[in-house]
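Inside the fold
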Amino acid sequence: QVQLVESGGGLVQAGDSLRLSCAASGRTCSSYAMGWFRQSPGKEREFVAAISRSATITDYAASVKGRFTISRDNAKNTVALQMNSAKPEDTAIYYCAAAFRASNSVAGRNGYAYWGQGTQVTVSS
């Protein structure tokens, strides 16, 4: 069992940067591939970014590639999402997710078993 708690959300202006953090507890974070997802009002939850157990493999949605960076610190059991050049369309609740992986790989979009409660990000134009 893994518990995930997101933090760092808030209100920023378009073009600004924001850093989200996810703290994992319960099991060692290094056994899990991690991901970030987001959900806007009236829309389905969508994939944002993923990172493998050892952080050597990352994956991004096309809409955030080049602007967002996912990273992790297994010693601290944390995962971060650095959001640069924020756009109003990035406004959403952002969720951290974990998927147990036997190998160093990213999880499939539907492979995440553990989810945080989410943190709100609002980007004003």
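For the structure, see preceding data.
The following paragraphs examine the structure supplied in this document. Since the model is a prediction, treat every value here as computed from it, not as a measurement. (Residues numbered from 1 in each chain as written. Predicted model: local features only at pLDDT ≥ 70, side-chain atom pairs only at ≥ 80, totals over all residues. Heavy atoms only, no water.)

**As for the overall build of the chain**
If you tally the helices and strands in the chain, you get zero helices and 11 strands. Starting at the N terminus and ending at the C terminus, the chain contains elements arranged as β-β-β-β-β-β-β-β-β-β-β. Radius of gyration (C-alpha) of the chain: 13 Å, near the 14 Å computed for a compact globule of 125 residues. Across its three principal directions, the C-alpha atoms of the chain cover 40 × 25 × 25 Å. Counting only residues that meet the buried cut, the chain has 42% of its 125 residues in that class. A sequence separation of at least 24 residues applies to 61% of the contacts in the chain between residues at least 6 apart. Of the roughly 6200 Å² of accessible surface on the chain, 47% is carried by carbon and sulfur atoms. Separation of charge centres in the chain, based on 13 positive and 8 negative side chains, amounts to 7 Å. (Helix = DSSP H or I, 4+ residues; strand = E, 2+ residues; numbered from the N terminus. Rg over C-alpha atoms; globule rule 2.2 N^0.38 Å. Buried < 20%, exposed > 50% of the residue type's maximum accessible area, 1.4 Å probe, protein only. Contact = heavy atoms within 4.5 Å. Areas by Shrake-Rupley, 256 points an atom, 1.4 Å probe, with all protein chains shown as cover. Lys, Arg positive; Asp, Glu negative; His and termini not counted. Charge placed at Lys NZ, Arg CZ, Asp CG, Glu CD.)

**Digging into the packing of aromatic side chains**
Tallied over the full model, the rule gives six aromatic pairs. An aromatic cluster of at least three residues, connected via ring pairs, comprises Phe37, Phe47, Tyr112 and Trp115. Arginine 45 extends its terminal NZ or CZ atom over the ring of tyrosine 95, reaching a point 5.7 Å from the ring centre. The residue whose ring lies beneath arginine 45 is tryptophan 115, and the NZ or CZ to ring-centre distance is 3.7 Å. (Phe/Tyr/Trp six-rings, centres within 6.5 Å; stacked < 30°, edge-to-face > 60°. Lys NZ or Arg CZ within 6 Å of the ring centre and 35° of its normal.)

**With respect to unusual backbone geometry**
The residue alanine 55 is not glycine, and still its phi comes out positive at about 70 degrees. Mapped onto the elements of the fold, alanine 55 is located in the loop between strand E5 (46-51) and strand E6 (58-60).

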